[in-house]
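Structural characterization, general
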Amino acid sequence: PCTSFLPLTAGYSPDTSCSVSFDSFFSPYSVSSCMQEDVFLLFQSSPAFGYKVEKGQGLVIVEDQANIVRMIFNLYANTMMGFYEIARHLNRLGYKTKKGGAFETRTIRYIIQNPIYKGYLRWNYANGTTRVVNDESEWIIVKSPLVPIIVSEELWDRANERLKNEYRPKTV
């Protein structure tokens with residue numbers, strides 16, 4: 001796999017046959033010497049709900065899942081429904097998560113907060129061992145032409161503005 005653009009990812013040694021640098025990776029013309037699916041196997045070994053990795057194509061949209069993602073964003077941004085109500089609505093309609101389970105409040109919140117749906121990649125979101133979410137100031141979020149967009153940036157921003165204004169995590 002092409003890994004020379006991964007100075008932030010421990011455990012990978014650069015493939016010297018690949019000339020893609022981290023800085024140039026996000027140019028649409030910079031991945032000609034690397035397969036897109038190699039890129040996404042590194043970053044998205046288990047792609048977000050709504051996506052899959054296709055050999056020779058990289059990250060592609062799974063349309064039936066993407067329609068659920070669009071519904072989640074539209075319900076959250078344009079109605080008064082909260083995470084719990086949206087999860088209940090999806091479950092009543094018979095929709096399932098990628099693993100075949102019921103939608104939960106945390107699933108809806110994670111989808112709303114994930115910038116991949118507007119075409120961005122996010123690194124350093126959580127500790128890989130403990131899964132504790134890192135402080136937002138530590139996240140690395142970059143627009144990528146290799147990520148197909150499921151929701152508009154405007155809809156994503158509107159949903160996340162509502163979340164920022166209304167969501168209060170439970171305190172112990």
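Everything below is about the structure printed above this text.
Owing to the predicted nature of the structure, the values given are computational and were not obtained by experimental measurement. Each chain has its residues counted from 1, running along the sequence as written. For a predicted model such as this one, the threshold for reporting local features is a pLDDT of at least 70, and the threshold for listing and counting side-chain atom pairs is 80 or more; totals across whole chains, interfaces and linings nevertheless cover every residue. Only hydrogens and water are set aside when side-chain values are computed; all heavy atoms of the structure are taken into account.

**Digging into unusual backbone geometry**
Backbone geometry follows two general trends: most residues other than glycine have a negative phi, and most peptide bonds adopt the trans configuration. Phi is positive for Asn124, which is not a glycine, with a value near 60°. Looking at where Asn124 falls in the secondary structure, it is placed in the loop between β3 (120-123) and β4 (140-143). A positive phi angle, near 65°, is found at Arg131, a position not held by glycine. Working definition: helices are DSSP H or I runs of at least four residues, strands are E runs of at least two. Numbering for both runs from the N terminus. Within the secondary structure layout, Arg131 lies in the loop between β3 and β4.

**Regarding the pairing of strand β1 (residues 51-54)**
Each regular strand shows side chains that alternate between the opposite faces of the sheet. DSSP-based pairing: two strands are paired if at least 2 bridges between them are found. Bridging between β1 and strand β2 (residues 58-61) involves four bridges; their strand directions are antiparallel. Residue pairing in the sheet places Lys52 in a bridge with Val60 of β2. Counting the residues that bridge the hairpin from β1 to β2 gives three residues, and of these Gly56 lies at a positive phi of roughly 85°.

**Notes on the pattern of salt bridges**
Salt-bridge detection follows one rule: a side-chain nitrogen of Lys or Arg within 4 Å of a carboxyl oxygen of Asp or Glu. Inspection of every chain in the model, using the stated rule, returns six salt bridges. The partner of Glu104 in a salt bridge is Arg106, and the shortest N-O contact between them spans 2.7 Å. Taking the relative accessible area as the measure of exposure, Arg106 reaches 56% and is therefore exposed. The partner of Lys118 in a salt bridge is Asp157, and the shortest N-O contact between them spans 3.4 Å. A residue pair is termed long-range when its members are at least 10 positions apart, and Lys118 in the loop between α4 (105-113) and β3 and Asp157 in helix α5 (residues 153-166) qualify at 39 residues. Each residue gets one of three labels from its accessible area relative to the maximum for its type: buried under 20%, exposed over 50%, partly exposed in between, using a 1.4 Å probe on protein chains only. Given a relative accessible area of 8%, Lys118 falls into the buried group. Using a relative accessible area of 36% as the deciding quantity, one classes Asp157 as partly exposed.

**Thoughts on α5**
Counted at 1.5 Å a residue, the expected span for α5 with its 14 residues is 20 Å, and the 20 Å between its end C-alpha atoms agrees. Those residues of α5 that sit buried are Leu155, Trp156, Ala159, Asn160, Arg162 and Leu163. Seen from one end, α5 has its buried residues packed into an arc of 150°, which puts them on one side. The contact criterion used throughout is that any non-hydrogen atoms of two residues lie within 4.5 Å. Against α2 (63-78), α3 (83-92) and α4 lie the buried residues of α5. Helices are assigned an expected span. That span is 1.5 Å times one less than the residue count. This arc corresponds to the set of directions leading from the helix axis out to the C-beta atoms.

**Observations concerning the side chain of Lys118**
There is a polar contact of 3.4 Å between the side chain of Lys118 and the side chain of Asp157. Discounting chain neighbours no more than four positions away, the residues touching Lys118 are Lys143, Ile149, Val151, Ser152, Glu153, Trp156 and Asp157. For the purposes of these results, a polar contact is taken to be a pair of N or O atoms within 3.5 Å, where, inside protein, one atom must be able to donate a hydrogen and its partner to accept one; residues adjacent in sequence count only when each atom of the pair is a side-chain atom.

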